[in-house]
Amino acid sequence: MTNGTRADLRELFHKGQLTIGISELSRMTGVSPRQLRYWQKKGYIIPKNEDEPGQARVYTMKMVIKAAAMSNLLQTGYTLKAAAAQVDERMRPAQTIYHLLADRYQGYEVADNGQILVDLGPFDPQPDQELFVTLVGDKVKFELKDKQE
């Protein structure tokens, strides 16, 4: 079997790796930079570098998604406050999935038959075993393996 390192996927999902500036965010969402700065002042969107005064604002993909979703809800009649609250609620499942991947993903193995086994690390009730997940056809299958020391 060949192994993929934990860094393979974690780097792709790492918070703040992909960022854009306020001008690009404005073009993507149709919201003016002035309005985006107002949203920031109200605490609805937060630039990655908010603690660096004097630096150009840069936004993570999470904030891009939030701003775009808020813009869409505003166009359908939501108030700014209601749109922000609705987007926060809708993003909760995605945040859970993100943390699952970021916290549990240990790497992957490619079996001799080409099947990819994703290593989710130690199985909590039995720490001497590791939990793997794979796709068999279009179904998810879990497998426990003895931990390799």
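That block above? That's the structure.
In this report, the structure presented in the accompanying data block is examined. Numbers given to residues run from 1 along each chain, matching the order in which its sequence is written. With the structure being a predicted model, the display of local features is reserved for residues of pLDDT at least 70 and the display and counting of side-chain atom pairs for 80 or more, all residues being used for whole-chain, interface and lining totals. The side-chain values count all of the structure's non-hydrogen atoms but skip hydrogen atoms and water molecules.

### Thoughts on the packing of aromatic side chains
Note on aromatic pairs: the rings of Phe, Tyr and Trp (six-membered ring only in Trp) are paired at centre separations within 6.5 Å, and the planes decide the class, stacked below 30 degrees, edge-to-face beyond 60, tilted for the rest. As enumerated under the stated definition, the model contains 0 aromatic pairs in all. Just above the ring of phenylalanine 132 sits the side chain of lysine 145; from NZ or CZ to the centre is 4.8 Å. Ring-over charges, as used throughout, are those where CZ of Arg or NZ of Lys falls within 6 Å of the ring centre and within 35 degrees of the ring normal.

### A closer look at the environment of isoleucine 22
Put simply, DSSP marks the helices as runs of H or I at least four residues long and the strands as runs of E at least two long, and each gets a number from the N terminus on. For isoleucine 22, the position within the fold is in helix H2 (residues 22-29). With 25 residues separating them in the primary sequence, isoleucine 22 and proline 47 have C-alpha atoms 8.9 Å apart. Contact definition: two residues touch when any of their heavy atoms are within 4.5 Å. Setting aside its immediate chain neighbours within four residues, isoleucine 22 contacts Pro33, Leu36, Arg37, Arg57 and Tyr59.

### Considerations on the side chain of aspartate 119
Along the chain, aspartate 119 falls in strand S5 (residues 116-123). Burial classes follow relative accessibility: with a 1.4 Å probe on protein chains only, a residue under 20% of its type's maximum area counts as buried, one over 50% as exposed, and anything between as partly exposed. The convention is simple: Lys and Arg are positive, Asp and Glu are negative, and His and the chain ends are not counted. A pair is scored as a salt bridge if a Lys or Arg side-chain nitrogen falls within 4 Å of a carboxyl oxygen belonging to Asp or Glu. Although buried, aspartate 119 forms no salt bridge, and the nearest oppositely charged side chain, arginine 104, lies 6.9 Å from it. Each residue touching aspartate 119, except ones within four places of it in the same chain, is listed here: Arg104, Tyr105, Gln106, Gly107, Tyr108, Glu130, Leu131 and Phe132.

### Regarding the nonpolar core
Considering soluble globular proteins, one finds that nonpolar side chains tend to be buried as a cluster. Membership of the largest hydrophobic core comes to 19 residues, with the highest contact counts inside it found for Leu25, Leu36, Trp39, Ile45 and Met70. The set of elements that each furnish at least two residues to this core consists of H2, helix H3 (33-42), helix H4 (61-75) and helix H5 (80-104). Non-local contacts of leucine 25, meaning those with residues more than four positions away in its chain, are made with Ile20, Leu36, Ile45, Tyr59, Val64 and Ala67. Nine residue types can take part in a nonpolar core, namely buried Ala, Val, Leu, Ile, Met, Phe, Trp, Tyr and Cys, and a core is a set of them joined through side-chain atoms within 4.5 Å.

### Some points on H2
Looking at H2, one finds that the buried residues are Ile22, Leu25, Ser26 and Thr29. Burial along H2 is one-sided: seen end-on, the buried residues are contained in an arc of 100 degrees. Counted as exposed and oriented over 90 degrees from the buried face of H2: Arg27 and Met28. If you follow the buried residues of H2, they end up packed against strand S2 (19-21), H3, strand S3 (58-60) and H4. The first or second residue beyond H2 is glycine 30, which carries a positive phi of 75 degrees. The arc refers to the directions leading from the helix axis to the C-beta atoms.

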